[in-house]
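A structural walkthrough
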Amino acid sequence: MATYQAHETAVIDPGCEIGEDTRIWHFSHIMEGCRIGKQCNIGQNVVVSPGVILGNGIKVQNNVSIYTGVICEDDVFLGPSCVFTNISNPRSAIPRKDKYEETRIEKGATIGANATIICGHSIGKYALIGAGAVVTKDVPPYALVMGNPARQTGWVSEYGHKLTFNKENIASCPESNEKYQLINNQIRKLMIYD
Ligand SMILES: CC(C)(COP(=O)(O)OP(=O)(O)OC[C@H]1O[C@@H](n2cnc3c(N)ncnc32)[C@H](O)[C@@H]1OP(=O)(O)O)[C@@H](O)C(=O)NCCC(=O)NCCS
């Protein structure tokens, strides 16, 4: 039996799987059939809609609604009040429950406070979305994007630092000292033996 913790005001519907050491804070609602991994922190006033899958080690800040169709891989950070969508052309009078579009947030990516992600796109691994951005396209792995519409302004390391490339197109993270190479507009993390 997994040992997660939920505040007494949280509501957890039947059929959910919640991993060990996950914490769910005040007034949050986990709807039926959700799968939430281990060691996640689900803040206050968060809604996780039916069937949503969240990986391990995810942090969800206050006031986030994670709608059906959103998939978050391990170690994703969802900043306070960021917004997901799952239908591009919603109409109140026309049911479109079978038309939810997928939004995938890959491992280690961060969504800044109050950013909006238009559905049907993926946010690549370790990408960093600036506060208040409106994401309308796929975001490449390790990209730094900001603004409305969101534009890429650079690249970031797995530790979330901006990368400055030398003439060999190699950059070093100031915190981890890990090295990255930019080839054909894609980031490759160099292994120690590279
Ligand atoms: C985007 C971010 C990572 C900073 O990136 P950066 O490249 O280091 O930005 P800088 O501070 O060097 O600013 C560069 C330019 O981008 C602008 N800028 C910075 N953040 C921005 C944002 N979120 N949206 C739009 N423009 C932004 C700055 O005003 C500056 O513009 P200028 O060149 O015209 O003066 C940061 O501002 C941010 O939004 N972080 C997310 C914080 C967050 O939401 N945390 C949630 C948990 S508390």
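Residues numbered from 1 in each chain as written. Predicted model: local features only at pLDDT ≥ 70, side-chain atom pairs only at ≥ 80, totals over all residues. Heavy atoms only, no water.

1. Description of the side chain of threonine 22
- Considering the arrangement of structural elements, one finds threonine 22 in the loop between β3 (17-18) and β4 (23-24).
- The contacts of threonine 22, once residues within four sequence positions are left out, are Tyr4, Gln5, Ile36, Gly37, Lys38, Gln39 and Cys40. (Helix = DSSP H or I, 4+ residues; strand = E, 2+ residues; numbered from the N terminus. Contact = heavy atoms within 4.5 Å.)

2. Comments concerning the sheet that holds strand β15 (residues 103-105)
- Pairing is parallel across the open sheet formed by six strands, whose spatial order is β3-β6-β9-β12-β15-β18. This sheet does not close on itself; its edge strands, each paired only once, are β3 and β18 (122-123).
- Direction of pairing for β15 relative to β18: parallel, over a ladder of two bridges. Counted as the bridge partner of isoleucine 105 is isoleucine 123 from β18. (Pairing = 2+ DSSP bridges.)

3. Some remarks on the state of the cysteines
- For the structure shown, the criterion picks out zero disulfides.
- Between cysteine 16, a cysteine without a disulfide, and cysteine 34, which holds the nearest cysteine sulfur, the sulfur-to-sulfur distance is 4.8 Å. (Disulfide = S-S within 2.5 Å.)

4. A word on the packing of aromatic side chains
- What the rule picks out here adds up to two aromatic pairs.
- Relative to tyrosine 142, the ring of tyrosine 126 lies with its centre 5.6 Å away and its plane at 20 degrees, an arrangement referred to as stacked. You can see tyrosine 126 sitting in the loop between β18 and β19 (128-129) and its partner tyrosine 142 sitting in the loop between β20 (134-135) and β21 (143-146), a full 16 residues away along the chain. Judged on exposure class, the residue tyrosine 126 and its partner tyrosine 142 are both buried.
- Each residue in the set Tyr126, Tyr142 and Tyr180 is aromatic and connected to the rest through ring pairs, giving one cluster. (Phe/Tyr/Trp six-rings, centres within 6.5 Å; stacked < 30°, edge-to-face > 60°. Buried < 20%, exposed > 50% of the residue type's maximum accessible area, 1.4 Å probe, protein only.)

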